[in-house]
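# Residue-level structural notes
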Amino acid sequence: MRDAEFFRNWMAAAAAAVEREADRLTELDSPIGDADHGSNLLRGFTAVRTALDAEAPAAPGAVLQLAGRTLISTVGGASGPLYGMLLRRTGKELGEAPEVSDEELREALDQGVGAVAQLGGAAPGDKTMLDALLPGVAALATSYRAAADAAENGALATVPMQARKGRASYLGERSIGHQDPGATSSALLLGALADVAERAEGAR
Amino acid sequence: MTGGHGDGGTQPALVGVVLVSHSGPVAESVAELARGLAAGGPVAPVAAAGGTSAGGLGTSAERIMAAAREVDRGAGVALLADLGSSVLTVKTLLLEDELPPESRLVDAPFVEGAVAAVVAASAGAPLAQVAEAAAEAYAYRKV
């Protein structure tokens, strides 16, 4: 079972990963986006870390809902509402239980990713976050590491795709040949989850 | 600006309009344009919610929520958005019930839709008709 601390650790690990990779995310966002993905997410996840430290929610669902709400209000770009929706919907699905099973987390994340798809109106292959999130969450049935790897591969697989959503879509064929920054940050989020899960196993 | 519902008691409540742009100056200018073209009688409340809280390009959920509260007279709020995160943030706030009751994202071109929405709202049209007037701006072909 996973408690609120596990989820706070996940968000802290995600914030650390974003901090580490912010420059790379912004670099990826330069040729096909408006070169602010790294700085936007850094601002958002720094605020998440501050909010979680201040409020220290006692339930997994509450941790993710607070994180999601914070991202929506602080990121300032499209990744704010999209990641905000992912975490808030996942948190809502988890409800108020003080501990949740891996199976419950998997199902809740599935709903969260569905909410992202609905909000953004993107489909697999559109060169978006979904190209990492969908294979990542599908592979959660195997293991957290498998999910992280699948998301990472999903992000790499966006390179030859032509963007059909967001600012990159205005570039048409010129968007081909660049890795999608949103899919890349999604892989970071699932990578952070795998790291935290493995650390928790090691501590047992 | 005085807020609250039903002040005066005799005047019908007007639909409020919120203009959400990636850019603060764009939102402000389009609001000014729409107010100017709707003038001639009472003008419906219009608020601009452009740019990030820090004044950069992007979207601020806080600004949108504050703007919607500011223009809410109890007859509903029509929100128009321009690009990317503007649209997604409004949709998210609607899904999460963070906006006044009877708030609606209007599917319309930003500038033309804003003028149509403010003119219709100022004439006392209900929310559905304000949304319709704004959406009709899509049908106007320029060539």
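Residues numbered from 1 in each chain as written. Chains lettered and ligands numbered in written order. Predicted model: local features only at pLDDT ≥ 70, side-chain atom pairs only at ≥ 80, totals over all residues. Heavy atoms only, no water.

Here the focus is the interface of chain A and chain B. Every contact between the two is made by 16 residues of chain A and, on the other side, 16 residues of chain B. Surface buried jointly by chain A and chain B totals about 1,300 Å² across both partners, of which 56% is contributed by carbon and sulfur atoms. Among the elements that line the side of chain A that touches chain B, the one with the most residues is helix 4 (residues 79-94) of chain A, at 6 residues. (Contact = heavy atoms within 4.5 Å. Buried area = accessible area lost by both parts, 1.4 Å probe. Helix = DSSP H or I, 4+ residues; strand = E, 2+ residues; numbered from the N terminus.)

Residue and element names in this part refer to chain B. Averaged over all residues, the pLDDT of chain B is 92; the fraction at 70 or higher stands at 92%. Considering only residues more than four positions removed or in separate chains, one finds that residues 1-8, a stretch of pLDDT under 50, has 10 contacts. Complex prediction metrics read pTM 0.91 and ipTM 0.89. (pLDDT = per-residue confidence, 0-100.)

Residues of helix 2 (residues 61-71) of chain B that are buried include every one of Ala 61, Ile 64, Met 65, Ala 67, Ala 68 and Val 71 of chain B, and no others. For helix 2 of chain B, the angular spread of the buried residues around the axis is 165 degrees, confining them to a single face. At its buried positions, helix 2 of chain B is contacted by helix 3 (60-74) of chain A together with strand 1 (16-21), strand 2 (46-50), strand 3 (77-81) and helix 3 (84-95) of chain B. (Buried < 20%, exposed > 50% of the residue type's maximum accessible area, 1.4 Å probe, protein only. Arc of directions from axis to C-beta.)

Residues and elements named next belong to chain B. Along helix 5 (residues 127-136), the residues classified as buried are Leu 127, Val 130, Ala 131 and Ala 134. For helix 5, the buried positions fall inside an angular range of 95 degrees around the axis, keeping them on one side. The inward-facing, buried residues of helix 5 contact strand 3, strand 4 (103-105) and helix 4 (110-122).

The next subject is the UniProt feature "domain: DhaL" (unreviewed entry) in chain A. Taking the UniProt record as the reference, the feature "domain: DhaL" (unreviewed entry) is found at residues 5-195 of chain A. Strand forms 1% of residues 5-195 of chain A and helix 71%; the C-alpha atoms that close the span are 14 Å apart. (UniProt positions renumbered as here; feature names shortened; annotations may be inferred.)

Residue and element names in this part refer to chain A. If you walk through the whole model with that rule in mind, you get 14 salt bridges over all chains. Between Glu 103 and Arg 106 there is a salt bridge, with its nearest N and O atoms 2.8 Å apart. Of this pair, Glu 103 and Arg 106 both sit in helix 5 (residues 102-120), separated by 3 residues, roughly a single helical turn. Since its relative accessible area comes to 38%, Glu 103 is described here as partly exposed. (Salt bridge = Lys/Arg side-chain N within 4 Å of Asp/Glu carboxyl O.)

Residues and elements named next belong to chain A. If you look at the biggest cluster of nonpolar residues, it comprises 59 residues, and the most contacted ones within it are Phe 7, Trp 10, Met 11, Phe 45, Leu 105 and Leu 193. Sorting the residues of this core by element identifies helix 1 (4-32), helix 2 (37-55), helix 3, helix 4, helix 5, helix 6 (130-139), helix 7 (144-156) and helix 8 (181-203) as the ones contributing at least two each. By residue number, the principal contributor to this core is helix 1, which donates 11 residues. Once residues within four sequence positions are removed from consideration, Leu 193 is found in contact with Phe 6, Trp 10, Leu 105, Leu 109 and Tyr 144. (Core = buried A, V, L, I, M, F, W, Y, C linked by side-chain atoms within 4.5 Å.)

This next bit is on the UniProt feature "domain: PTS EIIA type-4" (unreviewed entry) in chain B. If you check UniProt for "domain: PTS EIIA type-4" (unreviewed entry), the listed places come out as residues 14-143 of chain B in our numbering. As annotated, residues 14-143 of chain B has a helix share of 47% and a strand share of 15%, and its two end C-alpha atoms lie 34 Å apart.

A separate point is unusual backbone geometry. Unlike most non-glycine residues, Ala 56 of chain A shows phi in positive territory, near 40 degrees. Following the sequence through the fold, Ala 56 of chain A ends up in the loop between helix 2 and helix 3. Even without being glycine, Glu 102 of chain B reaches a positive phi, approximately 65 degrees. The exposure class of Glu 102 of chain B is exposed, given its relative accessible area of 57%.

All names here are of chain A. The geometry of helix 7 relative to helix 8 is characterised by a closest axis approach of 8 Å and an angle of 165 degrees between their N-to-C directions. Accordingly, the angle class assigned to the pair helix 7 and helix 8 is roughly antiparallel. For helix 7 against helix 8, the interelement crossing comes out left-handed. Touching Tyr 144, Arg 145, Ala 147, Ala 148, Ala 151, Glu 152 and Ala 155 of helix 7 are Ala 183, Thr 184, Ala 187, Leu 190, Gly 191, Leu 193, Ala 194, Asp 195, Ala 197 and Glu 198, all from helix 8. Taken together, the residues of the contact of helix 7 with helix 8 break down into 11 nonpolar, 2 polar and 4 charged. (Axes fitted to C-alpha atoms, helices over the stretch in contact; angles between N-to-C directions. Parallel < 35°, antiparallel > 145°, perpendicular 65-115°, else oblique. Left-handed = near helix turned anticlockwise from the far one by under 90°. Nonpolar A, V, L, I, M, F, W, Y, C, P; charged D, E, K, R; others polar.)

Here the focus is the sheet that holds strand 3 of chain B. Backbone hydrogen bonds hold the strands of a sheet together, and the pairing may be parallel or antiparallel. Residue and element names in this part refer to chain B. Read across the sheet, 4 strands follow the order 2-1-3-4 without closing on themselves; strand pairing throughout is parallel. Each edge of the sheet is formed by a strand with only one pairing partner; in this case those strands are strand 2 and strand 4. Adjacent strand axes in the sheet meet at a mean angle of 20 degrees, parallel and antiparallel pairs treated alike. Where strand 1 lies against strand 2, 5 bridges are found, and the strand directions are parallel. What sits directly across from Ser 21, in strand 2, is Gly 50. Contacts from helix 1 (residues 24-38) reach strand 1 and strand 2, with the element oriented near 165 degrees to strand 2. Sitting on the sheet, helix 2 is in contact with strand 1, strand 2 and strand 3, with an inclination near 180 degrees to strand 2. (Pairing = 2+ DSSP bridges.)

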